[in-house]
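# Descriptive analysis of the structure
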Amino acid sequence: MEQGKQVCQVHWLGLVDYDFAWQMQARMAEEIASGRRPPTLLLLEHSPVITIGRRGGRAHILWSADELVQQGVAVREVDRGGDVTYHGPGQLVGYPLLPLAKPGWAGERLPQADFTGYLRKLERAIIHLLARLGIVAGQREGLTGVWVPADIWANCIRCDPKLKPAPAKIASIGVKIDGKGISRHGFAVNIHPQMEYWESIIPCGLEGVQMARVTDFVNPPDMAEVARLAAEELGDVLGYSLEWMES
């Protein structure tokens, strides 16, 4: 732990059900708000699930109910920002549960500048993570998430050449700041997921967007090691000292 920095406890959970992690977030966020738990970062993978954020709708799910059942994909409407996204094995998901409001703050919404600033920090940490894995990525003005530039995406062997001129999305972000100023939900970085599942949705409600994964370009370490690197970058960008917990 680094001297002078607030501690963030980190839990590597492996593959867990979405509902279990959602309930875990709610419980831990309450504990953080009441001072019974320090800031906490959950890192994990999910069983296949499509989540619909507050700006989304089922119109952006392209598979029928029968197809979803056949492929073992659950659907959940959740209280994060953003539209529709997919989570599944091979994707690193992070849920930072952090007190973002200033002392004495009370209200239902964090100031927009603070909320946007938090999103940009998450993006920056993911960009640093990808750089450590050997991938150049960046932000796109007006769009949340992390993107592989078109010239890098052109090296993707599996991809349709007609679609390569555009950037591809490699990480998605959708968060909520609850009424006590605690962040919930977070980010998902595509490490080595089965890309066929993305055909089930219009990702983030963006027509024609291409989704990238780390293994389109490099061979990454195992997911537990990627989680460790992600935690280091998040701790650095957000200003926390990390304490790894047994889960």
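Scoring rules and cut-offs
- Numbering of residues starts from 1 in every chain and runs along the sequence as written.
- For a predicted model such as this one, the threshold for reporting local features is a pLDDT of at least 70, and the threshold for listing and counting side-chain atom pairs is 80 or more; totals across whole chains, interfaces and linings nevertheless cover every residue.
- Only heavy atoms go into the side-chain values, all of them from the structure, while hydrogens and water stay out.
- One speaks of a salt bridge when a side-chain nitrogen belonging to Lys or Arg is within 4 Å of a carboxyl oxygen belonging to Asp or Glu.
- In this description a helix means any DSSP run of H or I spanning at least four residues, a strand means any run of E spanning at least two, and both kinds are numbered starting from the N terminus.
- Relative accessibility thresholds used throughout: buried, under 20% of the residue-type maximum; exposed, over 50%; partly exposed, between the two (1.4 Å probe, protein chains only).
- In this scheme Phe, Tyr and Trp rings, the latter by its six-membered ring, pair at centre separations within 6.5 Å, and the angle between planes marks the pair as stacked below 30 degrees, edge-to-face above 60, and tilted otherwise.
- Over a ring means this: the NZ of a Lys or the CZ of an Arg is within 6 Å of the ring centre and within 35 degrees of the ring normal.
- A pair of strands counts as paired when DSSP detects no fewer than two bridges linking them.
- Here, axes are lines fitted to C-alpha atoms. For helices the fit covers the stretch in contact, and angles between N-to-C directions go from 0 to 180 degrees.
- By convention a crossover is right-handed if, when the strands point away from the viewer, the path from the first strand over the helix to the second runs clockwise.
- Under the convention used throughout, the expected extent of a helix is 1.5 Å for every residue step, that is, one less than its residue count.
- Two residues form a contact once any of their heavy atoms are found within 4.5 Å.

Turning our attention to the pattern of salt bridges. By the definition in use, this model includes 13 salt bridges. A salt bridge links Arg 132 to Glu 233; its shortest N-O distance comes to 2.9 Å. In this pair, Arg 132 sits in helix H3 (residues 112–132) while Glu 233 sits in helix H5 (residues 223–238), placing the two residues 101 residues apart along the sequence. On the basis of relative accessible area, Arg 132 is assigned to the partly exposed category, the value being 43%. Note that Arg 228 is salt-bridged to Glu 225, the shortest N-O span being 2.5 Å. With Arg 228 and Glu 225 both in helix H5 and three residues apart, the pair spans about one turn of that helix. When its relative accessible area of 28% is taken as the criterion, Glu 225 is described as partly exposed. The network of salt bridges with shared partners includes Arg 132, Glu 225, Arg 228, Glu 232 and Glu 233.

All right, on to the packing of aromatic side chains then. Going through the model one piece at a time under the given rule, you end up with five aromatic pairs. Taken together, a centroid distance of 5.1 Å and an interplanar angle of 5° make the contact between Tyr 86 and Tyr 197 stacked. Placement of the pair is Tyr 86 in strand S5 (residues 84–87) and Tyr 197 in the loop between strand S10 (183–190) and strand S11 (210–211), with a sequence separation of 111 residues. Note on Tyr 86: relative accessible area 1%, which makes it buried. When its relative accessible area of 14% is taken as the criterion, Tyr 197 is described as buried. What links up through ring pairs into an aromatic cluster is the set Trp 63, Tyr 86, Tyr 197 and Trp 198. Stacked on the ring of Trp 147, the Lys or Arg Arg 140 has its end atom at 4.6 Å from the ring centre.

Spatially, the three strands line up as an open sheet ordered S4-S3-S5, and their pairing is mixed. Two strands close off the open sheet at either side, each with one partner strand: strand S4 (74–77) and S5. Between one strand and the next, the sheet's axes are offset by a mean angle of 20°, whatever the strand orientation. With four bridges connecting them, strand S3 (residues 49–52) and S5 associate as antiparallel partners. Residue pairing across strands places Ile 52 opposite Val 84, the latter belonging to S5.

Moving on, we come to unusual backbone geometry. Even without a glycine there, the phi angle at His 185 is positive, about 60°. Here His 185 shows up in strand S10. Given the relative accessible area of 2%, His 185 is considered buried.

The pairing of S3 with S4 spans four bridges and is parallel. Bridged to Val 49 within S4 is Ala 74. Taken together, S3, helix H2 (residues 65–70) and S4 constitute a β-α-β crossover, and its handedness is right-handed.

This part covers H5. Count 3.6 residues to each turn of an α-helix, and residues three or four apart come out pointing the same way. The end-to-end C-alpha separation of H5 is 22 Å, in line with the 22 Å expected for 16 residues at 1.5 Å each. Among the residues of H5, Met 223, Val 226, Ala 227, Leu 229, Ala 230, Ala 231, Glu 233, Leu 234, Gly 235 and Val 237 are the ones counted as buried. Looking at the buried side of H5, the elements it contacts are strand S1 (6–16), strand S2 (40–46), strand S6 (91–97), H3, S10 and strand S12 (240–245). Two residues or fewer past H5, Gly 239 is found with a positive phi of approximately 85°.

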